[in-house]
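Each chain, written out:
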Amino acid sequence: LAALAAGAAVAAFALPAAAQQKAGEPLKIGFVYVSPIGDAGWTVQHDTGRKEMEKALGAKVTSKYIESVPEGADAERVIRELAQSGHQLIFTTSFGYMNPTIKVAQAFPKTHFEHATGYKTAANVGIYNARFYEGRYLAGMVAGRMTKSGIAGSVAAFPIPEVLQGINAFALGMRAVNPRAQMKVVWVNAWYDPGRERDAANTLMNQGADVLTHHTDSTAVVAAAEEKGRMSIGYHSDMSRFGPRGQLTAVSHHWGEHYTRVARAVLDGTWKPAALWGGLREGFVKLEAFNASVPADVRTQVLARRDEIAAGRFHPFGGRLEDNAGRVRQDKGTMTDDALNRMDW
């Protein structure tokens, strides 16, 4: 028994070494997805990025993905299994994977981890995120120009800073072109739950919203708006397939260049943990798929503002800002990244 225990201890201690790449073998890369890949949405964009990375690096890499992994204990188990099976680079692509990623990374110090949308780093954990709020501001401008009722609705997952930034930026974009515009929000407390997302969309439309958007992973909101003859703005990816008449435009996210760059750095031995937050300028966020129903002057106005944001001449969170309770959150100037990442209003 003592010998068996000693052997087990040695095996457990040796597990992290399994992540070492052997000479001549491709770099094994793992991806953990919070929702099914589906036809459009958050996970589709990450999987598209994975495929772009494979195409760019060819035989130098091989990748595996696990989809529909709940945040929490299941995520830790999946991440650990990827590390144990020799994946030298692991991308975990949801906010709730942050603590499980950090925990597994401590046990596998020679494995490289990249976590999307979180804020905790380690010697072998980097983080990456997109300035979604930049695209959201532009989408709000489109909604503000196109709405007839003056009310937009948002179906949102969780009230974390990333989501709140998007809601607030959308509202500011609307108000910039339509000062009396209103925005209503329904929380569904899930990243991916098409049934609840659809119910929330119907609630918002019953409350007068004629333009809908969302920060959830499915296409349910765009589809629900299409069925009721309302307008929508796709999120994560172009969802015009599900709203050919109603989707006005889409705020899309693009990860392929980042995944390729990180994998190449691991291959070259130059990878270091970083905290990357890219936006319109870096190509992480785009506004695309304008519907023919959006007038040319609206497109021109919005795209001009897009160029100003990308060039650093305009910031969506600039000037005096009050929250929905009338409290002054910023008197003047431009909101810092630290303040943005602490947004809870």
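Above this note sits the structure.
Predicted model only: the values in this text are computed from it and were never measured.

Draft legend 1. Spatial organisation of the overall build of the protein. The secondary structure content of the protein amounts to 11 helices and 14 strands. At 22 Å, the protein has a C-alpha radius of gyration in line with the 20 Å of a compact globule built from 345 residues. Projecting the C-alpha coordinates of the protein onto the three principal axes gives extents of approximately 75 × 40 × 40 Å. Taken across its 345 residues, the protein has 51% of its residues classed as buried. The long-range share in the protein, meaning contacts at least 24 apart out of those at least 6 apart in sequence, stands at 64%. A total accessible area of about 15200 Å² is found for the protein, and carbon and sulfur atoms account for 51% of it. Across the protein, the centroid of the 39 positively charged side chains sits 2 Å from that of the 34 negatively charged ones.

Draft legend 2. Here's a closer look at the layout of surface pockets. Counted as a void, the largest pocket has a volume near 570 Å³. Lining of the largest pocket is provided by 18 residues; of these, Asn168, Ala171, Glu322, Asp323 and Asn324 occupy positions nearest its centre. Those elements that place two or more of their residues in the lining of the largest pocket are helix H6 (161-177), strand S7 (182-187) and strand S13 (321-322). With six residues, H6 is the largest single contributor of residues to the lining of the largest pocket. Its residues assigned to classes, the lining of the largest pocket comprises 10 nonpolar, three polar and five charged. In this structure, the second largest pocket occupies an estimated 340 Å³ of space.

Draft legend 3. Structural context of the pairing of strand S12 (residues 285-288). A one-sided burial pattern is seen for S12, the buried positions being Val285 and Leu287 and the unburied ones Lys286 and Glu288. As defined by bridge partners, strand S10 (residues 247-253) adjoins S12 across four bridges and the pair is classed as antiparallel. What sits directly across from Ser252, in S12, is Lys286.

Draft legend 4. Spotlight on the pattern of salt bridges. Under the definition given, this model contains 19 salt bridges. Salt-bridge contacts for Arg77 lead to Glu81; the nearest nitrogen and oxygen are separated by 3.6 Å. One end of the pair, Arg77, and the other, Glu81, are both in helix H3 (residues 73-84), four residues apart, so they sit about a helical turn from each other. Of the residues examined, Arg77 reaches a relative accessible area of 43% and is grouped as partly exposed.

Draft legend 5. Region of the structure containing the sheet that holds strand S5 (residues 125-130). Ordered by their spatial adjacency, six strands build an open sheet running S2-S1-S3-S4-S5-S11, and the pairing between neighbours is parallel. The sheet is open, and its two borders are formed by strand S2 (61-66) and strand S11 (275-278), each paired with just one other strand. Between one strand axis and the next, the sheet turns through 15° on average, direction left out of account.

Draft legend 6. Structural view of empty space enclosed by the protein. This model, assessed by the stated rule, comprises one cavity of 30 Å³ or more. Volume-wise, the largest cavity comes out at about 80 Å³. Taken together, Val34, Trp42, Thr93, Ser94, Phe95, Thr117, Glu162, Trp191, His215, Asp217 and His236 make up the full set of residues lining the largest cavity. Looking at the lining of the largest cavity residue by residue, the classes come out as four nonpolar, five polar and two charged.

Draft legend 7. Local environment of the nonpolar core. Residues Ile29 and Phe113 are the most contacted members of the largest nonpolar core, which totals 81 residues. The element best represented in this core is helix H5 (residues 132-146), accounting for nine residues. Of all hydrophobic cores here, the second largest spans 13 residues; its members include Ala200, Ala201, Ala209 and Ala225.

Calculation notes
- Residues numbered from 1 in each chain as written.
- Predicted model: local features only at pLDDT ≥ 70, side-chain atom pairs only at ≥ 80, totals over all residues.
- Heavy atoms only, no water.
- Helix = DSSP H or I, 4+ residues; strand = E, 2+ residues; numbered from the N terminus.
- Rg over C-alpha atoms; globule rule 2.2 N^0.38 Å.
- Buried < 20%, exposed > 50% of the residue type's maximum accessible area, 1.4 Å probe, protein only.
- Contact = heavy atoms within 4.5 Å.
- Areas by Shrake-Rupley, 256 points an atom, 1.4 Å probe, with all protein chains shown as cover.
- Lys, Arg positive; Asp, Glu negative; His and termini not counted.
- Charge placed at Lys NZ, Arg CZ, Asp CG, Glu CD.
- 1 Å grid on protein atoms, 1.4 Å probe; cavity = no way out; pocket = protein on both sides within 12 Å on 5 of 7 lines; lining within 4 Å.
- Points joined across faces, edges and corners; volume = space filled by probe spheres on them.
- Nonpolar A, V, L, I, M, F, W, Y, C, P; charged D, E, K, R; others polar.
- Pairing = 2+ DSSP bridges.
- Salt bridge = Lys/Arg side-chain N within 4 Å of Asp/Glu carboxyl O.
- Axes fitted to C-alpha atoms, helices over the stretch in contact; angles between N-to-C directions.
- Core = buried A, V, L, I, M, F, W, Y, C linked by side-chain atoms within 4.5 Å.

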